[in-house]
Amino acid sequence: MTGINVAIPKSIDETLELLEKWGPDAAIIAGGTDLVVELKDKLKSWKALIDIGCVPEVRGIREADSNHVWIGAMSTHAEIASSTLVRDTAPVLANACAQVGSPQIRNRGTIGGNISTASPAGDTIPALFVLEASVEIIGPKGTRIVPIESFFQGPKKSVLAPCEMVLGVRIPKLDKEYISFFRKLGQRKSLAISIVSVAFVAKCQGPGLFTDVRVAFGAVAPTVIRARTVENAICGKQLDPKTAEYVSKLAFRDCVPITDVRGSKGYREQMACNLLYEGLLSLLSCSEAC
Amino acid sequence: MTKTKWVGTDVTRIDAKDKVCGTLEYMSDLSFPNMIYGAVLRSKYPHALIKKIDTKRAKELDGVVTVLTHEDVPGLNGFGIAIPDQPVLCRDKVRYMGDAIALVGAESKEIAEQALELIEVEYEPLPIVDDPEEAMLDTSPLVHETGNIHNHVKIERGDVEAAFNEAYVVVENTYFTPRQMHAFLEPESGVATIDDDKNITIWCGGQHPYRDQLQVARALGMNPRKIRIINTPAGGAFGGKDEITVQIYLALLVLHTDRPAKIVLSREESVIAGMKRHPMKIYMKTAAAADGTILANEVRVVSDTGAYASLGGPVIGFAIEHSCGAYRVENVRLEGFCVYTNNGVAGAFRGFGANQVTFAVETQVDMIAEKLGMDRLEIRKKNGLRKGDIAALGHKMEASVGLLRTLEAAENSRLWQLREELKAKPGAPHKKRGIGIACSFQGCGLGKGLPDYGAATIELLPNGQFAVGVSCPEIGQGNTTAFVQIAADYIRCSIDDIVMLSGDTGHTLDSGTSTASRSVYTGGNALKLAAGNLHSAISTLAAEILSVPESDIDIEYGSAVSKSCPEKTVSFKKIAELMVERGKTIKGEGYFIWPVSETELEGYVGIPHLLYSYITQIALVEVNTLTGETEVLEAVSVPDPGKAINPQGVEGQSEGGVVMGMGYALTEDTIIEEGITLTRNFSTYILPTSLDMPCEIETIIAEELEPSGPFGAKGIGEAVCVPISPAITNAIHDACGVWMKQIPATPERVYTALKSKEVP
Ligand SMILES: Cc1cc2nc3c(=O)[nH]c(=O)nc-3n(C[C@H](O)[C@H](O)[C@H](O)COP(=O)(O)OP(=O)(O)OC[C@H]3O[C@@H](n4cnc5c(N)ncnc54)[C@H](O)[C@@H]3O)c2cc1C
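Residues numbered from 1 in each chain as written. Chains lettered and ligands numbered in written order. Predicted model: local features only at pLDDT ≥ 70, side-chain atom pairs only at ≥ 80, totals over all residues. Heavy atoms only, no water.

Trainee: Could you give me a rundown of the overall build of chain A, with the residues and numbers involved?
Mentor: In terms of regular secondary structure, chain A is built from 12 helices and 14 strands. For chain A, the spread of C-alpha atoms along the three principal axes comes to 60 × 45 × 30 Å. Buried positions account for 55% of the 290 residues belonging to chain A. Restricting to contacts in chain A with at least 6 residues of sequence separation, those with at least 24 account for 60%. When the accessible area of chain A is evaluated, it comes to approximately 12,500 Å², of which 54% is carbon and sulfur surface. (Helix = DSSP H or I, 4+ residues; strand = E, 2+ residues; numbered from the N terminus. Buried < 20%, exposed > 50% of the residue type's maximum accessible area, 1.4 Å probe, protein only. Contact = heavy atoms within 4.5 Å. Areas by Shrake-Rupley, 256 points an atom, 1.4 Å probe, with all protein chains shown as cover.)

What follows is the structure, encoded as structure tokens:
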């Protein structure tokens, strides 16, 4: 077997140079938890890998300004899940990261990798959707900022151009009035790819009364989606368990799932509704808190 | 019963330290200088004729040492425990995606894999058959020229029609069970060497070194004595390494290259080429009287053995033997078919056909109890087998029968006693809790009509220790620790003075397989005989040393003593010293032949059994009615292993068994569509993880001593993973009212069942 070159750049500029030099023959490797699987299964082959583990510009979780949190692309799921800043200002993301894979995968896998893989089942993505995050992309022509919802174009397809990379994500902070949940349904309790996942964020105006409602689903369409029909139905309505069940049923309207080895189309549609309903139920039972 | 010092106590496993410290090598860790790496070219189609095989380009690749095809198999180009119907390297036809066509030996694993891509094979695809019932039709494509039905078992007793007519309740259902995967830690792997005299040594994961030796010798056309097999314990087996895996390929590589060779299958290759549990479709119609007495059972099982037989024949026989559960049923009509398809090969797997039928019959029994408004434990106690009863095949339960003991212990368990209380507090209103119970029996040994024997050696070593040899390999179940305990109590020495040899044709006599819950019973009995012979040899020398007649010698722990003059003693250590001085050897061999049932079923081998282990298991589950997810919260496992040689070992088997049976019930299935495996690895083949484990598994050992067993032992390796599966599905019914007739009871299946219950 012919070997594969691995470059370990020390800065973002060096990384960009390497990306330009190799073009499509090279891939960025972050945690490698998606990429190594593709290599092993010979789904793809590259002449070179660019390991961004030592690039300081893609590391760190910090306040970008008083209203935003910035998470470097190289941040691992474990780092994000345990970050106090994220847990305080974007708990839905911390929650999603805590449910990725297993401890080993969370220690290696990164948010940049999760986004760039652009799987409709990527677990951080529904959370980033409801947080209305933006993706910071850097390339030969400088940086650009893309709203998360515009980043994905299909399964494994994104707006990233060949010589570009993800620098990090910018997340508007949520204040204390917001409540949220992330729930994934897998085939087992860990090391499970989502059959369906749901992320929910809303401003709690009192028990069962939500505004600024944002709902996103994973694994029910070619990309993660915002479920606007359901959002509108929940927004401003006084919910009790009965009405929550009723509105949750609208979730399927935004879903166009497929059948695969993990679940059928019909089951996925119903689960989108039921996971949302289950989440709403738990919010209702503890919404005295808001 | 003889007083024991070691048997019945929790002894630290003899392999614990090596396993914990990582010094016990996996096959992938074992290497020799100048070693080549082997890789196997598998078929591109599930069913095709081979028109041409061209290895020229592969041979030219730098670093390739050899490329072998069917032309290079010197002996019989076939293997298979029951019948050698699986080609070592296919010549003219492939029957499944795992079929081997060529074998490459190269300087590195990577080169070997690259060479595989350069082998050109011309195929002519044939129509495939992937459904066993379709395969039984005359119009079906033939997997083998001999016909697609490999084995047919039919047993009738009593008057089934009359019983159905007079019955108070009749339940009739069709069940489906999955293709479970052994999922051992290390896939099929091994390393081989060859010396100047062409003696071959093969280290590999395996379950019967002497049969491996025979199968390798047959394929090589060589004297078996020139082949030494060492089955190594790392990696596990569960029945999946009972058949030949890589042994013949290794032997061919070393024979053709004169260099050591190694083959380690990837998980993906193991999933496609390796054995699985037989998927079965089970039709069952069961009748009971108003008082719960089971009157009749009609059973039809169709079992998918895939492209080759392996042990598919005996598995269907075993399934039929166990298809009425551990109950007295006087009227039976039982029929089983083992059928070839172009799917992956199924073979031996812990439980050996009992798992499938137990799922069915234990569901039937719960349905009957529900219809009669009868307690689920009572109906089992009422019909459960007792010593002297006639079981389904018409054979008498002559050996120890501990079923009732296990049921009673289960009844007294905390989980059963507190069941209503525990069920009353689910995690959320849409979550429902239920409790399920199931019991079963498990034939031990190979059964009537198959040669089933054991042999053991004990030799006094110059340092006063004893070398104990039983060939049944350690595959993780702890049998070698049990052998050490048994040997120490028969020899009457310390367990620290035993050097255990197993799994090696070079150092042990043939004791048969480590399968069929048989190795402790077999090895233990052979050790008992060997120890007797050893004691005679010791007594001869001791009598000389102590100047007393041989008949005056008694053996105590660690020494020989004069009965008449107890102050006259000589330690084993001293005896060993004198043995060396006098140039003698002191050893004992023991040969044991299994007792068999008196009942002969004409035309069948492997059934019935004489000896059974028994078990009752309970599960507490919580079902999420919004998603169909089932969580097993707690389990109780009550095995009757006969004497528990090492109680901690039994607990280990019990806990592992519960989790394996839970995976079978809830998540595990190797999905094959049109001959192509869709669940290629552990990403989609869903094994339970540590988070899916029940919080608590309580094991209560209910010993019903077996007089013919070593210190009363039977076997327990398999039963522990069997009734837990229907206990779980019965608990799902108890929780939310749906009967799961197909396992695994995935969230989607449970949810769908719940939905169809709502809208009839
Ligand atoms: C056993 C297992 C379990 C898993 N479970 C889950 C799960 O539960 N949920 C889930 O969502 N995912 C899961 N995954 C998938 C994977 O772990 C995640 O998607 C992870 O976040 C990928 O990150 P990484 O750093 O390992 O990416 P890598 O494998 O390093 O890269 C993935 C892809 O993104 C590209 N890339 C990486 N970083 C950048 C960047 N900064 N800019 C541009 N391109 C980049 C790479 O070139 C590559 O194409 C699992 C994977 C495995 C092997």
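Trainee: Lay out the domain arrangement of chain A in plain terms, naming residues and giving numbers.
Mentor: Residue and element names in this part refer to chain A. Domain annotation for chain A reports domain 1 (58–172) and domain 2 (178–287). Its C-alpha centre places domain 1 at a distance of 21 Å from the equivalent point of domain 2. In this assembly, 24 residues from domain 1 lie in contact with 25 residues from domain 2. Summing both sides of the interface, domain 1 and domain 2 together bury roughly 1,800 Å²; the carbon and sulfur share of this comes to 61%. Its largest share of buried area at the contact with domain 2, domain 1 owes to Pro120, Pro126 and Val130, together 28% of the area lost on that side. Run the count over domain 1 and domain 2 and you get five salt bridges. Between Arg228 and Glu149 there is a salt bridge, with its nearest N and O atoms 3.0 Å apart. Remark: the boundary between domain 1 and domain 2 carries eight residue pairs in polar contact (both at pLDDT 80 or more). When contributions to the side of domain 1 that touches domain 2 are tallied by element, the ones reaching two or more residues are helix 5 (91–98), helix 8 (124–130) and strand 8 (152–154). Top contributing element to the side of domain 1 that touches domain 2 by residue count: helix 8, with five residues. Considering only residue class, the side of domain 1 that touches domain 2 consists of 15 nonpolar, six polar and three charged. (Domains from an automatic or database assignment. Buried area = accessible area lost by both parts, 1.4 Å probe. Salt bridge = Lys/Arg side-chain N within 4 Å of Asp/Glu carboxyl O. Polar contact = N/O pair within 3.5 Å; in protein donor to acceptor, adjacent residues only side chain to side chain. Nonpolar A, V, L, I, M, F, W, Y, C, P; charged D, E, K, R; others polar.)

Trainee: Can you lay out the domain arrangement of chain B for me, pointing to particular residues and giving the numbers?
Mentor: All names here are of chain B. Structurally, chain B comprises domain 1 (31–126 + 182–273), domain 2 (280–447 + 600–757) and domain 3 (453–511 + 519–593). Using C-alpha coordinates to define each centre, domain 2 is positioned 40 Å away from domain 3. Across the boundary between the two partners, domain 2 contributes 11 residues, which contact 12 residues of domain 3. Per-residue buried area on domain 2 facing domain 3 is highest for Ile645, Pro710 and Phe711; these three make up 55% of the total on that side. Put simply, domain 2 and domain 3 have zero salt bridges between them. Viewed at the interface, domain 3 and domain 2 are joined by three residue pairs in polar contact (both at pLDDT 80 or more).

Trainee: How would you summarise the environment of Ala731 of chain B if you had to cite specific residues and measurements?
Mentor: Residue and element names in this part refer to chain B. Counting through the fold element by element, Ala731 comes out in helix 19 (residues 724–736). In this structure Ala731 comes out as buried when scored by relative accessible area, which is 0%. Distance in space between the C-alpha atoms of Ala731 and Ile244 is 39 Å, their sequence separation being 487 residues.

Trainee: Help me get a handle on a negative patch on the surface, residues and values and all.
Mentor: Judged by side-chain charge, Asp13, Glu14, Glu17, Glu20 and Glu57 of chain A come together as a negatively charged surface patch. When its relative accessible area of 56% is taken as the criterion, Glu17 of chain A is described as exposed. (Patch = residues over 30% accessible without salt bridge, like charges linked within 9 Å, V, L, I, M, F, W, Y side chains within 5 Å. Lys, Arg positive; Asp, Glu negative; His and termini not counted. Charge placed at Lys NZ, Arg CZ, Asp CG, Glu CD.)

Trainee: I'd like to hear about the interface of chain B and chain A, residue by residue, with values.
Mentor: The interface is formed by 31 residues belonging to chain B together with 23 residues belonging to chain A. When chain B packs against chain A, the two sides together hide about 2,200 Å² of surface, and 51% of this comes from carbon and sulfur. Our count for the contact surface shared by chain B and chain A stands at four salt bridges. The salt bridge partner of Lys40 of chain A is Glu268 of chain B, with a shortest N-O separation of 3.0 Å. Where chain B touches chain A, the interface holds 16 residue pairs in polar contact (both at pLDDT 80 or more). Within the residue set of the side of chain B that touches chain A, elements represented by two or more residues are helix 3 (109–118) and helix 20 (747–758) of chain B. Per-class residue counts for the side of chain B that touches chain A are 11 nonpolar, nine polar and 11 charged.

Trainee: Give a description of the packing of aromatic side chains that names residues and reports values.
Mentor: Residue and element names in this part refer to chain B. Summed over all chains, the structure comprises 17 aromatic pairs over all chains. Ring geometry for Tyr521 and Trp594: centres 4.4 Å apart, planes at 50°, overall tilted. Linking Tyr521 in helix 16 (residues 519–546) with Trp594 in the loop between strand 23 (587–593) and strand 24 (611–624), this pair joins segments that are 73 residues apart in sequence. Exposure class is identical for Tyr521 and Trp594. Each is buried. (Phe/Tyr/Trp six-rings, centres within 6.5 Å; stacked < 30°, edge-to-face > 60°.)

Trainee: Can you lay out the sheet that holds strand 20 (residues 553–556) of chain B for me, pointing to particular residues and giving the numbers?
Mentor: Sheets are built from strands paired through backbone hydrogen bonds, the pairs being either parallel or antiparallel. Residue and element names in this part refer to chain B. Taken together, three strands build an open sheet; the order of strands is 20-21-22 and the sheet is antiparallel. The open sheet has two edge strands with one neighbour each: strand 20 and strand 22 (569–571). With strand direction ignored, the average angle separating the axes of adjacent strands in the sheet is 25°. Of the strands in this sheet, strand 20, strand 21 (559–562) and strand 22 are in contact with helix 17 (residues 572–581), which crosses strand 22 at around 75°. (Pairing = 2+ DSSP bridges. Axes fitted to C-alpha atoms, helices over the stretch in contact; angles between N-to-C directions.)

Trainee: Run through the sheet that holds strand 19 (residues 498–501) of chain B, naming residues and quoting values.
Mentor: Residue and element names in this part refer to chain B. Spatially, the four strands line up as an open sheet ordered 19-18-17-23, and their pairing is mixed. Each end of this open sheet is capped by a strand with a single partner; those strands are strand 19 and strand 23. Strand-to-strand twist across the sheet, computed as the mean angle between neighbouring axes with direction ignored, equals 15°. Packed onto the sheet, helix 15 (residues 479–491) meets strand 17 (453–460), strand 18 (466–470) and strand 19 and runs at close to 135° relative to strand 19.

Trainee: With reference to specific residues and values, describe the pattern of salt bridges.
Mentor: All names here are of chain A. Counted by the stated rule, this structure contains 63 salt bridges over all chains. Of the charged contacts in the structure, one is a salt bridge between Arg214 and Asp212, with a shortest N-O distance of 2.9 Å. Look at the salt bridges and you will find they share partners, linking Glu132, Glu149, Asp212, Arg214, Arg226, Arg228 and Glu231 into a network.

Trainee: With reference to specific residues and values, describe the site of the ligand.
Mentor: Residues and elements named next belong to chain A. Every one of the 32 residues lining the ligand counts as a neighbour, but Ile28, Gly31, Thr33, Asp34 and Thr110 are closest to it. Between an oxygen atom of the ligand and a main-chain N or O atom of Gly32, the distance comes to 2.7 Å. Within the side chain of Ser116, a nitrogen or oxygen atom sits 3.1 Å from a nitrogen atom of the ligand. Isolated, the ligand exposes 980 Å² of accessible area, and the fraction of that covered by the protein chains is 88%. Secondary structure elements with two or more residues in the shell around the ligand: strand 2 (26–29), helix 7 (111–117) and strand 10 (165–172). (Near = heavy atom within 4 Å.)

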